[in-house]
Amino acid sequence: MIRCVSIPLRIPLFLLLLVAAFGLGTNRPAMAASEVASPLTLAAAIERALSANLDLQVAAEEIQAARFNRKVQTTNLLPTFNASYRYQHRDNESLQRFEIPGLSLPPSVVAPQDDFSLTTSFTQPLFTGFALVNRLRIAGLAQEIAELRQALARQNVIFEARRRYFQVLKDEKLLQVAEDSVRQIAAQRDVADNFFQVGMTPRNDLLQAQVELANAEQALVVAGNDLEISRANLNLLLRLPISAPLALVDILDWSPFPLTVSACQDLAATQRLEIPVAEREVAVAEKELALARKDLYPTVDLQGSYLARGDDWQLDGGEGIGDESSWSVTAVASWNFWEWGRTSFGMGERRSRLQQARLRRQEIGEQIQFEVQQAYLRTKDSERNITTVAQAIEQARENLRINEERYREQVATSTDVLIAQTLLSLTRTNYTNALYNFHIAKASLDLATGTETRE
């Protein structure tokens, strides 16, 4: 007979606390590993894409560079100052004897052995043929263009985030449709196999089901690959590892687009940022033409200088220094009045550049109208497809159910069931494509009209 004797153990309290703390500490990593990241919403995906996009960072640096260039052109309107300190040592001081009849004079020093001089000067442009003003205006327009292009890059990033987000959702749904199709056809294959084994159906029914199953499995592989590619594409935009897992919040609701195509055209004419960019490029070309005319005018500068000399570093004159300090102010006008047509040739080039900018502005306006028309038609097309196909899904399901029942009762053939299954899969695929293509087309239409939205 075995007796179980319980021996009370006296364990110090601090050991119990240590064990408890260790146990809690070891459980934390397991809990953290089991935690699942919350699904990514569309708004969060857009925010991450905006914060991580390198093109936006490059655009911000371009704005900063344009601001500095504008400041540089502003300083060109202000006077410039310079100073130079010179020291000259001669092997001997230069002497000169002045002879006066009847007098004997000692030689005079005309150049000391050590000659120190300090020269300071300034130059203030008074008139440069409007060149400085035009360069400043060009720099200001360049800064505005850089800011507009940053806003354009921002709109493109938002569009790409929306497009790739909905593409992932669409491919996820298409993968589900492919998986359901494989399961349904596999079940039908099993039914056809059982009926064939008991001699209720010919072998042709089983072979047909096996072929359809192989086709469905191949379509499943393609759908899986498409999903991996779309996820990698979204990860690339979000600057995540290419193979990082993604959990997205699905968006199934939709509402018809209320605006007409003419209203969208009007909206694009006022909101598309390419239009003000093109207008500023025309203004830059106009200023460049005005800048080319600068050589038709003389330039006028105001110059001033101050000179201090001495035979030591303190510049306080000395023997041989005629004037220890002097200053002067000079107005200088210069004009290159003959350059063999260089100015007129340059103006001709700038006129051509200006005409190019005007033609590009016209082309951009026409291209915007086309983009709005195209995006609008695609949105409306997907909108009609959603309404049409949504009603057909239940009908396709009911058709499959009826054919499966009839096949079990040997009233219908296996071909009827397989056709009904293919019809259901095709209808679900069409609905998925219509729904998410609508969201993608809506994103394209927002981009075409210059509307920044995060839905």
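By convention here, each chain's residues receive numbers from 1 onward along its written sequence. It should be noted that, the model being predicted, local features are given only for residues of pLDDT at least 70 and side-chain atom pairs only at 80 or more, the latter also being counted only at that level, while totals for whole chains, interfaces and linings use all residues. Side-chain figures throughout are based on the complete set of non-hydrogen atoms in the structure, without hydrogens or water.

**Student:** Mind showing me how you'd approach the overall build of the protein chain here?
**Tutor:** Counting its secondary structure elements, the protein chain contains 9 helices and 6 strands. Partly exposed residues are those whose accessible area sits between 20% and 50% of the maximum for their type, while under 20% is buried and over 50% is exposed, using a 1.4 Å probe and protein chains only. A total of 455 residues make up the protein chain; the buried ones form 33% of that total. Residue contacts are defined here by distance: any two heavy atoms, one from each residue, within 4.5 Å place the two residues in contact. For the protein chain, contacts bridging at least 24 residues in sequence account for 82% of all contacts bridging at least 6. By the criteria applied, helices consist of DSSP H or I runs no shorter than four residues and strands consist of E runs no shorter than two, each listed in order from the N terminus.

**Student:** Would you mind going over the nonpolar core with me for this structure?
**Tutor:** One recurring pattern in soluble globular proteins: nonpolar side chains tend to sit buried together. If you look at the biggest cluster of nonpolar residues, it comprises 30 residues, and the most contacted ones within it are Tyr 165 and Phe 166. Going through the elements one at a time, helix H2 (42–52), helix H4 (131–197), helix H5 (203–238) and helix H9 (414–449) are the ones with two or more residues in this core. By residue number, the principal contributor to this core is H4, which donates 10 residues. Beyond its immediate chain neighbours, meaning those up to four positions away, Tyr 165 contacts Leu 40, Thr 41, Leu 42, Ala 45, Leu 234, Leu 248, Val 249 and Ile 251. The criterion is simple. A nonpolar core is a set of buried Ala, Val, Leu, Ile, Met, Phe, Trp, Tyr and Cys residues joined through side-chain atoms within 4.5 Å.

**Student:** Sorry, what's going on with the layout of surface pockets here?
**Tutor:** If a probe as big as a water molecule is rolled over the atoms, it shows which places are left empty. Cavity and pocket criteria rest on a 1 Å grid covering protein atoms alone: a 1.4 Å probe that fits but cannot get out defines a cavity, protein on both sides within 12 Å along at least 5 of 7 lines defines an open pocket, and an atom within 4 Å of a point defines a lining residue. Grid points are joined across faces, edges and corners, and a volume is the space filled by probe spheres set on the points. Reported here for the largest pocket is a volume of approximately 350 Å³. Ala 178, Ser 181, Ala 219, Ser 425 and Thr 429 are, among the 16 residues lining the largest pocket, the residues nearest its centre. Elements with a minimum of two residues in the lining of the largest pocket: H4, H5 and H9. Here the lining of the largest pocket gets 7 residues from one element, more than from any other, and that element is H5. As a working rule, the residues Ala, Val, Leu, Ile, Met, Phe, Trp, Tyr, Cys and Pro are called nonpolar, Asp, Glu, Lys and Arg charged, and the rest polar, with Gly in that last group. Here the lining of the largest pocket is composed, by residue class, of 8 nonpolar, 5 polar and 3 charged.

**Student:** Is there a simple way to think about the pattern of salt bridges in this case?
**Tutor:** Between side chains of opposite charge, a pair can form when the charged atoms approach closely. Put simply, a salt bridge is a Lys or Arg side-chain nitrogen that is within 4 Å of an Asp or Glu carboxyl oxygen. Taken as a whole and judged by the stated rule, the model has 27 salt bridges. In this structure, the salt-bridge partner of Asp 295 is Lys 294, at a minimum N-O distance of 3.0 Å. Residue Asp 295 is classed as partly exposed on the basis of its relative accessible area of 30%. Lys 294 sits in the partly exposed class, given a relative accessible area of 24%. In this structure, Glu 405 and Arg 408 form a salt bridge, with 3.6 Å as the shortest nitrogen-oxygen distance. Highlighted residues: Glu 405 and Arg 408, both in helix H8 (residues 342–408), separated by 3 residues, approximately one helical turn. Exposure remark for Glu 405: the relative accessible area of 37% places this residue in the partly exposed category. You can call Arg 408 partly exposed: its relative accessible area is 45%.

**Student:** Before we go on, may I ask you to explain empty space enclosed by the protein in this structure?
**Tutor:** All told, the structure shown has 1 cavity of 30 Å³ or more when counted by the stated rule. Lining the largest cavity, in full, are Gln 155, Ile 158, Phe 159, Arg 162, Ala 443, Asp 446, Leu 447, Thr 451, Glu 452 and Thr 453. Among the elements of the structure, H4 and H9 are those that each provide at least two residues to the lining of the largest cavity. When residues of the lining of the largest cavity are assigned to their parent elements, the largest contribution, 4 residues, is made by H4. Across the lining of the largest cavity, the residue classes break down as 4 nonpolar, 3 polar and 3 charged.

**Student:** In this structure, what is going on with the sheet that holds strand S6 (residues 325–334)? I would like to understand it.
**Tutor:** Within a sheet, adjacent strands bond to each other through the backbone by hydrogen bonds, running parallel or antiparallel. On the basis of which strands lie adjacent, the open sheet formed by 4 strands has the order S1-S4-S5-S6 and antiparallel pairing. At either margin of the open sheet sits one strand with a lone partner, and together these are strand S1 (80–89) and S6. Neighbour-to-neighbour, the strand axes of this sheet turn through a mean angle of 20°, independent of strand direction. Should DSSP find at least two bridges between two strands, the strands are taken to pair. Axis geometry follows a simple rule: fit a line to the C-alpha atoms, using only the stretch in contact for helices, then measure angles between N-to-C directions, giving values from 0 to 180 degrees.

**Student:** Got a minute to help me understand helix H3 (residues 54–75) in this structure?
**Tutor:** In an α-helix, one turn spans 3.6 residues, which is why side chains three or four residues apart end up on the same side. Multiplying 1.5 Å by the residue count of a helix minus one yields the expected span of that helix. If you check H3, its first and last C-alpha atoms are 32 Å apart, about what 22 residues at 1.5 Å a residue would give, namely 32 Å. Those residues of H3 lying buried are Leu 56, Ala 59, Ile 63, Ala 66 and Gln 73. Considered in projection along H3, the buried side chains sweep an arc of 90° and stay on one side of the axis. Turned more than 90 degrees from where H3 packs its buried face, Val 58, Glu 61 and Lys 71 sit exposed. Contacts made by the buried residues of H3 are with H2 and H4. Two N or O atoms count as a polar contact when they lie within 3.5 Å, although within protein this holds only if one can serve as hydrogen donor and the other as acceptor, and sequence-adjacent residues are included solely when both atoms are side-chain atoms. Two to three positions downstream of the cap, the backbone nitrogen of Asp 55 sits 3.0 Å from a side-chain oxygen, assigning the N-cap of H3 to Asn 53. Within this analysis, the arc is defined by the directions that extend from the helix axis to the C-beta atoms.

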